[in-house]
Amino acid sequence: MTIAPECFNWSGRLAAAVRAARNRWGIREGPPFQPGGTNAWVAPAVGPRGQALVLKVSRPGAEVEHEVDGLLWWDGRATARLVDWADFGEVRAILLERCSPGTPLAVLSEPEQDPVIASVLRRVWVDPGCSHPFRPLSEMCDRWAEEFEASALARGGDGVNSIAAEGLRVWRELAHSQAGAVLLLTDLHAGNVLAASREPWLGIDPKPYVGDPTYDALQHMLNCPLRLQADPEGLIVRMAGLLDLDTKRLRLWLFARCVVESQRSPMLARVADRLRPHE
């Protein structure tokens, strides 16, 4: 088994979880997919009857919380299907169907990606009902806003500037006004959509929350930096049209998200300035 030390300083627990998964499910795993992520070790696997599978072993923490719940809820609807899962101590192992050929959507141009992203999102946006296990989107947004404010204070000065304050206000207001809340993927972009045989394209690596569907368009838009910089208004109109979303609300969400991400990205700070609402 190959472990990428730059991604995982928990090698012992990871190796033990992979051994436990191998014994539990009778699988044979291959080398992990590259490049690896920071929150999970993911590798192709073969089941006892020759099934093409994927083994995912995730770190403990909020980034993988409710992934199993979401996959069970969707049951293969525009997402990779969950085969089984188990907790080995604090480490979670998930067995998934393998997308074949598994080509990432990122091989297509950004404009070609748009309708595929929209198709996946429209199919996963389901009403979870009243007795669901998922966190509200507002919980994640409040946490991100608090982290932004703490970081601004740590950098010195009086905290957030006027555009940041406005962005955080809009961010919180949108997150807490969730008319028509649905189950969200929250992290769908071209690297998390793979070509498959069961359906043309399937989403992977969901981070489920329940909230405003408009939010779910943002990650793809942030992963289209050329268009985001050159013509953010055009990108907003494009995605709002494909997803049947309110253009003004999507513009506000994108402005606020760019503010929240601006501490790490001067480019997004410039986009936020262009999208800043005017009285």
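In what follows, the structure referred to is the one given above.
Peer 1: How would you explain the sheet that holds strand E1 (residues 28-29) if you had to name every residue and give the values?
Peer 2: Ordered by their spatial adjacency, 5 strands build an open sheet running E1-E2-E3-E5-E4, and the pairing between neighbours is antiparallel. Both edges of this open sheet fall to E1 and strand E4 (82-88), since each of them pairs with a single strand only. Here strand E3 (residues 52-58) pairs with strand E5 (residues 91-97) via 6 bridges, running antiparallel. In the strand pairing of E5, Lys56 is matched with Ile94. The sheet contacts of helix H1 (residues 11-25) involve E1, strand E2 (40-46), E3, E4 and E5, and relative to E4 the element is tilted by about 130°.

Peer 1: How would you summarise the pattern of salt bridges if you had to cite specific residues and measurements?
Peer 2: Counting across every chain of the model gives 21 salt bridges. The salt bridge involving Arg227 is made with Asp114; its shortest N-O contact spans 2.7 Å. Residue Arg227 is located in helix H7 (residues 225-230), and its partner Asp114 is located in helix H3 (residues 110-124); the two are separated by 113 residues in the primary sequence. One salt bridge in this structure joins Glu166 and Arg276, with 2.6 Å as the shortest N-O distance. Linking Glu166 in helix H5 (residues 162-175) with Arg276 in the segment after helix H10 (266-275), this pair joins segments that are 110 residues apart in sequence. Each of Lys56, Glu67, Asp187, Asp205 and Lys207 takes part in salt bridges that share partners, so that together they form one network.

Peer 1: How would you explain the environment of Phe255 if you had to name every residue and give the values?
Peer 2: On the secondary structure map, Phe255 appears in helix H9 (residues 247-261). Sequence separation between Phe255 and Leu168 is 87 residues; the distance between their C-alpha atoms is 9.7 Å. Among all residues touching Phe255, those that are not within four sequence positions of it are Ile163, Glu166, Gly167, Val170, Ala272, Leu275, Arg276 and Pro277.

Peer 1: Mind laying out unusual backbone geometry, listing which residues take part and the relevant values?
Peer 2: Between Ser100 and Pro101 the backbone carries a cis peptide bond, its omega angle lying at 15°. Counting through the fold element by element, Pro101 comes out in the loop between E5 and H3. Phi at Asp205 is positive, roughly 55°, even though this residue is not glycine. A positive phi angle, close to 55°, is found at Asp244, a residue other than glycine. Of note, Asp244 is situated in the loop between helix H8 (232-243) and H9. Of the residues examined, Asp244 reaches a relative accessible area of 62% and is grouped as exposed.

Peer 1: Help me get a handle on the pairing of E4, residues and values and all.
Peer 2: Inspection of the sheet shows E4 paired to E5 by 6 bridges, in the antiparallel sense. Each bridged residue has a counterpart across the sheet, and for Leu82 the counterpart in E5 is Leu96. Connecting the antiparallel pair E4 and E5 is a turn made up of 2 residues, with Gly89 showing a positive phi of about 70°.

Peer 1: Which residues make up the packing of aromatic side chains, and what are the values?
Peer 2: For the structure on display, the rule yields 5 aromatic pairs. With centroids separated by 5.4 Å and ring planes inclined at 80°, the aromatic side chains of Trp73 and Phe134 adopt a geometry described as edge-to-face. Taken together, the residues span a long stretch of sequence, with Trp73 in helix H2 (residues 67-74) and Phe134 in the loop between H3 and helix H4 (137-154) at a distance of 61 residues.

The rules we used
Residues numbered from 1 in each chain as written. Predicted model: local features only at pLDDT ≥ 70, side-chain atom pairs only at ≥ 80, totals over all residues. Heavy atoms only, no water. Pairing = 2+ DSSP bridges. Helix = DSSP H or I, 4+ residues; strand = E, 2+ residues; numbered from the N terminus. Contact = heavy atoms within 4.5 Å. Axes fitted to C-alpha atoms, helices over the stretch in contact; angles between N-to-C directions. Salt bridge = Lys/Arg side-chain N within 4 Å of Asp/Glu carboxyl O. Buried < 20%, exposed > 50% of the residue type's maximum accessible area, 1.4 Å probe, protein only. Phe/Tyr/Trp six-rings, centres within 6.5 Å; stacked < 30°, edge-to-face > 60°.

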